[in-house]
Protein chains: 6
Amino acid sequence: MDLLNTIQAENLWQTIRNETGAAVNSEPILASFLHLTVLRHKSFAHMLAFHLSSKMSSAVMDARALFEIYLEALQENSSILNAALADIVAYYQRDPACETYSLPLLYYKGFHAIQTHRINHWLWQQRRHTLAYFLQNRASEVFGVDIHPAASLGYGIMIDHGTGVVIGETAILGNNISLLHGVTLGGSGKQTGDRHPKISDGVMIGANASVLGNIRVNTCAKIGAGSVVVEDVPQYSTVVGVPAKVISKDVKCETPAQEMDQRI
Amino acid sequence: MDLLNTIQAENLWQTIRNETGAAVNSEPILASFLHLTVLRHKSFAHMLAFHLSSKMSSAVMDARALFEIYLEALQENSSILNAALADIVAYYQRDPACETYSLPLLYYKGFHAIQTHRINHWLWQQRRHTLAYFLQNRASEVFGVDIHPAASLGYGIMIDHGTGVVIGETAILGNNISLLHGVTLGGSGKQTGDRHPKISDGVMIGANASVLGNIRVNTCAKIGAGSVVVEDVPQYSTVVGVPAKVISKDVKCETPAQEMDQRI
Amino acid sequence: MDLLNTIQAENLWQTIRNETGAAVNSEPILASFLHLTVLRHKSFAHMLAFHLSSKMSSAVMDARALFEIYLEALQENSSILNAALADIVAYYQRDPACETYSLPLLYYKGFHAIQTHRINHWLWQQRRHTLAYFLQNRASEVFGVDIHPAASLGYGIMIDHGTGVVIGETAILGNNISLLHGVTLGGSGKQTGDRHPKISDGVMIGANASVLGNIRVNTCAKIGAGSVVVEDVPQYSTVVGVPAKVISKDVKCETPAQEMDQRI
Amino acid sequence: MDLLNTIQAENLWQTIRNETGAAVNSEPILASFLHLTVLRHKSFAHMLAFHLSSKMSSAVMDARALFEIYLEALQENSSILNAALADIVAYYQRDPACETYSLPLLYYKGFHAIQTHRINHWLWQQRRHTLAYFLQNRASEVFGVDIHPAASLGYGIMIDHGTGVVIGETAILGNNISLLHGVTLGGSGKQTGDRHPKISDGVMIGANASVLGNIRVNTCAKIGAGSVVVEDVPQYSTVVGVPAKVISKDVKCETPAQEMDQRI
Amino acid sequence: MDLLNTIQAENLWQTIRNETGAAVNSEPILASFLHLTVLRHKSFAHMLAFHLSSKMSSAVMDARALFEIYLEALQENSSILNAALADIVAYYQRDPACETYSLPLLYYKGFHAIQTHRINHWLWQQRRHTLAYFLQNRASEVFGVDIHPAASLGYGIMIDHGTGVVIGETAILGNNISLLHGVTLGGSGKQTGDRHPKISDGVMIGANASVLGNIRVNTCAKIGAGSVVVEDVPQYSTVVGVPAKVISKDVKCETPAQEMDQRI
Amino acid sequence: MDLLNTIQAENLWQTIRNETGAAVNSEPILASFLHLTVLRHKSFAHMLAFHLSSKMSSAVMDARALFEIYLEALQENSSILNAALADIVAYYQRDPACETYSLPLLYYKGFHAIQTHRINHWLWQQRRHTLAYFLQNRASEVFGVDIHPAASLGYGIMIDHGTGVVIGETAILGNNISLLHGVTLGGSGKQTGDRHPKISDGVMIGANASVLGNIRVNTCAKIGAGSVVVEDVPQYSTVVGVPAKVISKDVKCETPAQEMDQRI
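Colleague: How should the pattern of salt bridges be read in this particular structure?
Modeller: Side-chain pairs of opposite charge can arise where the charged atoms are in close proximity. Summed over all chains, the structure comprises 42 salt bridges over all chains. Residues Arg64(C) and Asp62(C) are paired through a salt bridge, measuring 2.8 Å at the closest nitrogen-oxygen approach. Given the relative accessible area of 5%, Arg64(C) is considered buried. For Asp62(C), a relative accessible area of 18% translates into the label buried. Taking the shortest distance from any N to any O, the salt bridge between Glu141(F) and Arg138(F) comes out at 3.5 Å. Placement of the pair is Glu141(F) and Arg138(F) together in helix H8 (residues 129–143), with a separation of three residues, close to one helical turn. One exposure class covers both Glu141(F) and Arg138(F), and it is buried. Each of Lys55(A), Arg138(B) and Glu141(B) takes part in salt bridges that share partners, so that together they form one network.

Colleague: Which parts of the structure should I look at to understand unusual backbone geometry?
Modeller: Outside of glycine, negative phi angles account for most residues, and trans bonds account for most peptide bonds. Following Val242(B), the chain continues into Pro243(B) via a peptide bond in cis, with omega recorded as -5 degrees. With respect to the secondary-structure elements, Pro243(B) resides in the loop between strand E13 (238–240) and strand E14 (245–248). A positive phi angle, close to 60 degrees, is found at Cys220(E), a residue other than glycine. Following the sequence through the fold, Cys220(E) ends up in the loop between strand E10 (216–217) and strand E11 (222–223). Overall, Cys220(E) belongs to the buried group, its relative accessible area being 4%.

Colleague: So what exactly am I meant to see when it comes to the interface of chain B and chain E here?
Modeller: By a frequent convention, interface size equals the accessible area lost on bringing the separate parts together. Counting residues at the interface gives eight residues for chain B and eight residues for chain E. Buried surface at the junction of chain B and chain E, summed over both partners, amounts to about 610 Å²; 71% is from carbon and sulfur atoms. When the area that chain B buries against chain E is broken down by residue, the three leading residues are Ser32(B), His35(B) and Arg40(B), summing to 63%. Scanning the region where chain B abuts chain E turns up one residue pair in polar contact (both at pLDDT 80 or more). A per-element tally of the side of chain B that touches chain E places helix H2 (residues 28–39) of chain B first, with six residues. For the side of chain B that touches chain E, a count of residues per class yields five nonpolar, two polar and one charged.

Colleague: What is the right way to look at the relation of the copies chain B and chain E in this model?
Modeller: To go from the first copy of the chain to the second, apply a rotation about an axis and then a shift along the same axis. When chain B is fitted to chain E, the best match, at an RMSD of 0.0 Å, comes from turning it 180 degrees and sliding it 0.0 Å along the axis. Such a combination of turn and shift is consistent with a two-fold rotation axis. If distances are taken from each C-alpha of chain B to the rotation axis, the shortest is found for Ser32(B), at 1.9 Å. Take the interface residues of chain B: 100% of them recur as interface residues in chain E, which is what a same-surface contact looks like.

Colleague: Can you help me understand the arrangement of the chains in this one?
Modeller: Left apart from each other, chain A and chain E have a closest C-alpha approach of 7 Å. At no point do chain B and chain F touch; the closest pair of C-alpha atoms across them sits 7 Å apart.

Colleague: Sorry, what's going on with the side chain of Gln115(F) here?
Modeller: Residues and elements named next belong to chain F. Position of glutamine 115 among the secondary structure elements: in helix H7 (residues 109–125). Using a relative accessible area of 1% as the deciding quantity, one classes glutamine 115 as buried. Among residues more than four places away in sequence, those in contact with glutamine 115 are Leu52, Ala84 and Asp87.

Colleague: How do you make sense of the relation of the copies chain C and chain A when you look at a structure like this?
Modeller: With an RMSD of 0.0 Å, the fit of chain C onto chain A corresponds to turning through 120 degrees and sliding 0.0 Å along the axis. Here the copies are linked by what is in effect a three-fold axis. The overlap is low: 8% of the interface residues of chain C also sit at the interface in chain A, so different surfaces are used on the two sides.

Colleague: Explain the interface of chain C and chain A here, please?
Modeller: At the interface, 37 residues of chain C touch 39 residues of chain A. Roughly 3000 Å² of surface becomes buried between chain C and chain A when both sides are summed, with 62% attributable to carbon and sulfur atoms. In this structure, the salt-bridge partner of Glu27(C) is Arg128(A), at a minimum N-O distance of 2.6 Å. Our enumeration of links across chain C and chain A arrives at eight residue pairs in polar contact (both at pLDDT 80 or more). Secondary structure elements with two or more residues in the side of chain C that touches chain A: helix H2 (28–39), helix H5 (78–94), helix H6 (102–107), helix H7 (109–125), helix H8 (129–143) and helix H9 (256–259) of chain C. Counting residues per element, the side of chain C that touches chain A draws most heavily on H2(C), which supplies four residues. Residues belonging to the side of chain C that touches chain A are distributed by class as follows: 19 nonpolar, ten polar and eight charged.

Colleague: When you look at the sheet that holds strand E1 (residues 146–147) of chain F in this model, what are you seeing that I'm missing?
Modeller: Residue and element names in this part refer to chain F. Read across the open sheet, the five strands follow the order E1-E3-E6-E9-E12; overall the sheet is parallel. A single partner strand is all that each edge strand has here, and the edge strands are E1 and strand E12 (228–229). Of the strand pairs in this sheet, strand E3 (residues 166–167) and strand E6 (residues 184–186) are connected by two bridges, and their pairing is parallel. Bridge pairing links valine 166 to threonine 184 in E6.

The rules we used
Residues numbered from 1 in each chain as written. Chains lettered and ligands numbered in written order. Predicted model: local features only at pLDDT ≥ 70, side-chain atom pairs only at ≥ 80, totals over all residues. Heavy atoms only, no water. Salt bridge = Lys/Arg side-chain N within 4 Å of Asp/Glu carboxyl O. Buried < 20%, exposed > 50% of the residue type's maximum accessible area, 1.4 Å probe, protein only. Helix = DSSP H or I, 4+ residues; strand = E, 2+ residues; numbered from the N terminus. Contact = heavy atoms within 4.5 Å. Buried area = accessible area lost by both parts, 1.4 Å probe. Polar contact = N/O pair within 3.5 Å; in protein donor to acceptor, adjacent residues only side chain to side chain. Nonpolar A, V, L, I, M, F, W, Y, C, P; charged D, E, K, R; others polar. Least-squares fit on C-alpha atoms with pLDDT ≥ 70 in both. Pairing = 2+ DSSP bridges.

Here you go:
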């Protein structure tokens with residue numbers, strides 16, 4: 001899956017608006033939320049900044065101040081916005097329970113966690129570390145997803161369900177990757193420096209699996225649920241167990257992330 | 001354990017009121033909460049609808065609107081109310097730390113997640129999918145428990161602690177089942193259709209265990225903590241490991257769910 | 001690591017104030033939060049009580065009432081305050097991503113969960129069980145960390161990331177212990193009495209590991225991520241797997257908790 | 001003006017819904033509020049109870065609890081509901097700036113004050129004095145209108161602008177009366193018993209006028225702005241000044257309340 | 001009326017607690033508010049600081065911070081506390097609609113405005129002008145009563161209803177004074193210095209009356225409703241009109257403030 | 001007084017920032033509010049839009065949505081912004097109790113009411129009547145000032161204290177006008193069309209005065225407190241009484257609004 005072009009992006013935004021309009025008509029109790037959050041906004045960036053600031057604001061972080069930060073991030077960084085659009089498509093294509101494009105956008109906390117992280121990463125790169133830490137904490141409270149602001153994520157990322165996911169400071173994720181809930185991309189302990197996993201394109205990591213240390217999970221590898229991985233994983237292989245061992249080297253599908261089969 | 005009859009249900013509600021009255025006297029700082037949430041309500045349904053709407057309302061979902069939905073669901077569906085009562089008894093009987101009937105009702109987020117799901121399932125059956133998704137998301141944020149509205153649960157269900165539990169769209173759970181925190185009843189990937197586990201009566205599943213795919217865990221089976229199960233589990237057997245293997249076929253107690261021993 | 005003496009404690013509080021003052025200058029959007037939460041307070045106890053009550057208050061638990069409870073607990077129990085200070089140093093020393101002392105204090109939900117538990121434990125000892133249960137529930141919702149108020153924790157404790165941690169009623173933890181997210185110190189089922197693990201000084205337990213039953217993990221032992229432990233663990237040993245087996249008996253570092261290497 | 005019959009009442013409710021639907025389309029920023037407050041409600045009583053509870057709830061008075069009280073009052077007392085409908089028509093007919101029926105209903109705090117008082121009066125008659133005092137205070141804070149719960153109001157009442165209006169315990173108002181802001185229907189001091197004015201049908205009282213003591217303002221009398229009245233006022237007369245004197249006895253219009261000319 | 005002695009003060013606090021306890025039993029919907037605001041507090045000062053901070057806190061003024069200020073003021077200044085107790089008695093004695101001592105304390109915004117002003121005056125004397133201005137503004141929004149923090153008030157003050165009352169910077173009020181709503185103690189224009197009225201003991205000023213300039217209203221004088229006073233008022237006299245003229249010099253009662261007859 | 005030129009405006013904004021910075025240092029409890037509301041903003045327009053949206057937002061009107069409206073209004077209409085700056089200077093020059101420029105901006109509800117009205121008037125001119133009515137109602141609740149959105153106000157306007165002020169639909173106010181609290185610029189009754197007062201430059205209207213009907217108060221006239229005016233008022237004259245009569249035709253100061261002497 002590639003990034004969307006301008007026309008595809010605009011079509012996706014229109015589709016989301018249409019889906020939302022239909023929802024307003026069928027479910028009056030949500031009309032208030034859907035108007036406030038989707039229908040009154042003139043652009044996808046505006047809508048996303050609003051929704052994320054609703055989720056992340058609190059008694060000590062004003063929603064208006066946060067909305068401005070988020071909107072600025074999305075308007076100044078087309079890469080964040082494009083990745084968000086690609087993520088929506090990723091959820092739609094990979095999750096059979098995901099019937100519409102607006103579902104992940106509005107209701108999947110894994111999606112919300114990814115987007116707030118990407119903005120956090122932008123803040124980190126601008127050396128606004130304190131604000132990034134503040135928002136990492138808030139995301140961890142609200143979504144149960146704890147991603148260090150320095151971690152780098154590609155596009156087409158899907159974090160399913162999300163609760164318990166932890167991604168460390170020096171982790172790097174490529175594109176078109178799927179993580180289930182409870183996945184840890186953790187460090188190798190106290191020493192500083194590069195100490196977290198590198199995840200290549202197309203990888204899928206099953207629920208509650210832990211990948212630990214500065215190792216590489218190569219292209220289209222598949223890690224079984226509950227596995228603990230402490231060594232490099234070859235491309236197109238499936239690994240399973242505590243500690244994980246290679247049980248297959250001929251993953252059939254090009255991208256396990258798309259197939260989402262976390263069984264062994 | 002069976003469902004409570006009308007007299008038992010009324011007695012339970014009176015017991016809860018008595019326990020709450022005692023708490024008001026011993027802990028003035030909670031008097032405000034306990035009056036608002038329990039003592040001023042004329043029925044168990046009214047009280048439960050109020051408490052769940054307190055937990056689930058937010059800046060974008062008015063507590064009054066949600067309370068009405070919940071009250072309607074509980075008043076129109078005696079099965080939801082009866083199952084909630086049976087769940088309370090289940091917690092009381094199975095959890096040695098659960099000293100009173102009001103504890104799970106007021107303070108166990110696993111219990112709250114079950115009840116909000118049952119109402120969500122009723123909404124789903126009425127094809128109010130959008131509202132069900134909205135509330136699934138909110139429950140996942142507040143309780144860390146993510147249950148697809150289409151999943152079907154029996155009565156006498158106990159989800160202990162709750163954080164990280166995920167139950168997929170086509171999962172079906174019988175009665176008198178105990179799940180620890182972090183349990184996944186997950187799918188087998190991208191394909192649509194019936195793809196999640198079926199859990200029979202009396203089953204107990206330990207912390208962070210994953211049961212994946214359209215398989216059956218048969219009556220009174222016991223799944224060890226941290227196990228990953230991808231095949232059917234025979235009745236009265238214990239399975240353990242990643243992947244899980246049968247280590248015993250003579251579970252002594254009739255219902256492991258009641259014994260709650262998740263050790264291997 | 002020992003508890004801080006009075007001068008060290010005062011120095012730490014001044015360092016935190018200095019770090020916060022610098023943050024105000026570099027990040028105006030946080031100035032409001034940092035003044036309210038840190039700079040306007042005259043003591044560490046006052047500041048901590050305020051911050052915890054911000055996190056734990058809700059529509060049904062007034063922040064002022066909670067602040068008073070927390071402040072009373074911290075002012076009457078120097079051991080709680082001293083342990084909190086030691087925990088801050090523990091995070092700073094063990095977590096390479098923890099660059100300042102104010103980071104865990106302000107932004108690490110594992111730290112917040114430990115401190116609210118310690119006050120909860122004090123309430124429990126005073127037989128204020130109802131309030132302790134109420135606050136256990138709130139902590140579980142906000143932090144995803146569920147610690148029974150009766151559980152006993154030493155000082156120098158670090159719970160990293162936190163989401164999914166469960167600690168049972170009769171668990172006892174020594175000093176200088178590190179737990180990763182998803183760790184369960186669970187019971188052996190339905191029977192009452194002493195049924196949860198005892199964790200000795202210096203132990204480290206990796207992500208999503210479960211330690212079940214009234215067993216002892218002896219001094220400086222190390223439990224690999226994802227492991228399930230149902231038997232005593234010898235001192236200075238490393239255990240791994242489901243079920244966990246000893247793979248090494250010569251842990252080099254004196255305290256694995258300090259090294260934080262959860263790999264196998 | 002008489003009370004509306006059933007068909008007129010239903011037509012008015014439909015008109016209000018139509019006006020609101022048009023407003024949603026023309027003003028997206030209000031769509032959220034209008035759906036929540038008007039469009040999703042199945043009856044006028046339901047809608048009014050919701051709107052008043054939005055205005056009157058606070059951190060110490062739960063909106064759900066208040067909504068239930070208000071809904072019960074409106075459903076059990078057709079006279080309160082009928083008077084509210086007549087009041088809406090009164091505003092529409094008398095205030096040239098009142099272009100639609102939904103304007104007073106949604107946006108005129110004088111109207112809100114009248115309706116909350118009528119429910120308060122019902123509570124008072126049921127001897128629920130404490131709750132009535134609580135709500136009198138809240139209305140005085142929110143609307144700047146302070147009406148003792150024992151005061152009796154007819155239908156077709158219009159309080160324009162509202163700020164500063166005070167109506168005492170033993171005041172009795174007939175039907176089709178108009179009061180401008182700042183009007184006082186006050187007592188004659190410390191003695192108990194019947195000590196406040198009686199206002200007959202059709203009377204109009206101008207801004208900041210004070211009517212003091214157990215006197216009667218007779219049918220269709222008109223009291224000039226800023227006047228202070230301490231004696232009975234003859235029917236069809238105009239009084240003016242401090243203290244007020246009769247300056248005319250041939251009020252032309254049948255009901256000065258309808259003409260709203262508070263000039264002298 | 002004099003200030004209460006220690007025993008009377010303690011008796012009054014006990015009476016208020018007893019009245020509140022009775023209210024809890026008769027009105028369950030208020031039990032939550034009454035426990036939070038009155039019954040759980042150990043002293044009158046604590047209770048009053050809590051209630052005032054509930055009224056005055058906002059999204060930009062934390063209730064905990066405000067409670068601390070208010071509690072400090074009340075604990076360090078027995079004169080503020082004593083005056084508050086005398087005010088309660090004043091309302092009870094003078095207002096025939098005031099049936100209990102807890103009514104003004106809990107529900108009369110005029111009373112709340114007086115008490116917040118007295119604390120504001122204490123802040124002003126400590127040269128904390130900015131905070132005093134902030135709180136003057138908040139009181140004006142919540143109570144509709146605008147008192148400059150520099151104005152000086154005695155004890156036994158009653159402001160009835162309150163809306164629209166304005167008291168200027170250099171105004172000085174003695175003891176046992178009654179002001180109705182809408183009363184202005186205003187300045188003589190742009191010049192600085194002493195420019196507001198001085199009100200002697202026992203004075204009563206009727207609704208919407210304006211007293212303007214550095215003039216003195218002498219002991220036990222009575223000012224009619226709606227009057228405008230720009231010259232000194234002799235003791236024991238009654239003045240009326242725009243501008244006000246003396247209409248009587250033999251006020252019978254010793255203290256018009258106690259009789260509360262604002263008629264002419 | 002004229003409008004400020006660009007340099008004066010920028011200097012005023014810098015002065016306000018400096019005053020605020022000093023307040024942060026002297027009053028830590030306000031540091032949070034002052035940073036959030038003033039110091040973190042890059043322009044006066046941004047700051048004012050933020051502060052007004054803090055005052056006017058509510059549970060049914062999102063602060064972010066309102067902030068956007070207000071910011072757009074201030075950025076697109078330099079006349080609104082310029083008038084606001086002139087108003088600040090007007091308060092500073094005319095009110096001897098107004099010691100700094102930030103006082104009216106931050107803490108005077110009369111000032112807040114004027115500014116929200118000017119934006120409301122802009123909305124009205126764009127035919128966004130529904131939103132303007134919504135915000136008129138909110139301003140009336142929060143400030144006690146009720147100004148019809150169609151009313152037209154010049155610059156250099158001061159509404160002192162504000163509570164009870166009412167300004168009708170067809171009222172037109174020039175520049176450099178001062179209104180005390182309780183002033184009514186009211187209509188002549190039921191008939192539609194041009195029916196409210198026209199107020200010329202330099203006029204001052206005292207507390208609780210009512211000016212009624214389509215009459216003109218000419219340049220530099222002065223209306224005494226509590227007066228009721230129903231006829232044109234000549235320039236440079238003083239009128240007093242109910243009804244008001246001319247008592248002087250040689251007002252000495254050029255602009256009574258600046259002198260603020262509302263005595264007779």
